[in-house]
Amino acid sequence: MDGTTQVTTPAVLILLGPPGAGKGTQARMLEEKFGLVQLSTGDLLRAAVAAGTEAGLAAKAVMEAGGLVSDEIVIAILRDRIAEPDCARGVILDGFPRTTVQAGALDELLGESGQKINAAISLEVDDGAMVERISGRYTCGNCGEGYHDSFKQPAVAGVCDKCGGTEMKRRADDRAETVASRLEAYHAQTAPLIAYYGGKGVLQSIDAMGQIDDIAAEMARIVTDVTG
Ligand code: AMP
């Protein structure tokens, strides 16, 4: 066995937090540990941009400027992806919802299939540290494993620990100017969701300024608790 702990019912977990809080890193760890599927609307949109689809063409400039893509486009992309068979194992939503309209659409979508949100986990961080965190990050172009110039380097420089890939990528919107716009969009449009999920009784908040492994352990404890 690979140490994966399957959750007993299809869980729906939401990760909330500003850009750079570590949502992607933690989602990947939960995916491995619990056999859940990471759904990142950022990844889905970047794939749509790369493929040159209609949605991708509409999203490209907004993403480059650090703004939020329209609810209509993002909800349509999420709706299609979550309907795929692998998502029946349970999902970790990474970067969705980001507006109250998206949160309402998610409630409706889950209601249609009789599912509910097990937890919305808010990763709490200091804004000031986010620019450094984001501008130092990069991923393996082959498997998507995340690294950071200061906080998480591969054992051999330039070689992915996970798959041995040697092509590392940095995101186009991880430049300092764009990061400021993304943080602004987070505070204006996404942060209100913390109260929204608090009101539904599913909010869990964790201090996400510490070590990646400590945060992962805390996340795993919450997931075990809400899915057990
Ligand atoms: P992320 O990878 O989650 O940081 O997302 C990268 C960019 O994709 C964001 O800055 C937005 O432009 C766009 N994006 C991702 N998810 C959403 C969403 N749920 N709503 C609107 N825009 C999104």
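Provided above is the structure to which this section pertains.
We now turn to the structure provided with this report. (Residues numbered from 1 in each chain as written. Predicted model: local features only at pLDDT ≥ 70, side-chain atom pairs only at ≥ 80, totals over all residues. Heavy atoms only, no water.)

### Notes on the packing of helix α2 (residues 41-51) against helix α4 (residues 71-82)
Here's step 1: Where α2 meets α4, the axes come as close as 10 Å, and the angle between the chain directions of the two elements is 100°. One finds that α2 runs roughly perpendicular with respect to α4. Side by side, α2 and α4 meet where T41, L44 and L45 of the first sit next to I73, V74, I77, L78 and R81 of the second.
Here's step 2: Class assignment for the residues of the contact of α2 with α4 results in six nonpolar, one polar and one charged. (Axes fitted to C-alpha atoms, helices over the stretch in contact; angles between N-to-C directions. Helix = DSSP H or I, 4+ residues; strand = E, 2+ residues; numbered from the N terminus. Parallel < 35°, antiparallel > 145°, perpendicular 65-115°, else oblique. Contact = heavy atoms within 4.5 Å. Nonpolar A, V, L, I, M, F, W, Y, C, P; charged D, E, K, R; others polar.)

### Some words on the packing of α2 against helix α3 (residues 54-65)
Here's step 1: Close contact between α2 and α3 brings their axes to 8 Å; oriented N to C, the two are set at 115°. Considering the relative orientation of α2 and α3, their crossing is left-handed. For the pair α2 and α3, contact is made by G42, L45, R46, A48 and V49 and by G56, A59, K60 and M63, respectively.
Here's step 2: For the contact of α2 with α3, the class distribution of residues is five nonpolar, two polar and two charged. (Left-handed = near helix turned anticlockwise from the far one by under 90°.)

### What about α3?
Here's step 1: When we look at burial in α3, the residues that qualify are G56, A59 and M63. Axial view of α3: buried residues confined to an arc of 75°, hence all on one face. For α3, the exposed residues set more than 90 degrees away from the buried face come down to E54, L57 and A61.
Here's step 2: Where α3 is buried, its residues meet α2 and α7 (176-190).
Here's step 3: Looking at the residues trailing α3, positive phi occurs at G66, about 85°. (Buried < 20%, exposed > 50% of the residue type's maximum accessible area, 1.4 Å probe, protein only. Arc of directions from axis to C-beta.)

### Describing the site of the ligand
Here's step 1: With respect to spatial proximity, 16 residues lie near the ligand, and among them T41, R46, G67, G95 and Q102 are the closest.
Here's step 2: Take T41: an N or O atom from its side chain is 2.8 Å from a nitrogen atom of the ligand.
Here's step 3: The separation between a nitrogen atom of the ligand and a polar side-chain atom of R98 is 3.0 Å.
Here's step 4: The leading source of residues in the shell around the ligand is α2, at four residues.
Here's step 5: In the shell around the ligand, the residues fall into six nonpolar, five polar and five charged. (Near = heavy atom within 4 Å. Polar contact = N/O pair within 3.5 Å; in protein donor to acceptor, adjacent residues only side chain to side chain.)

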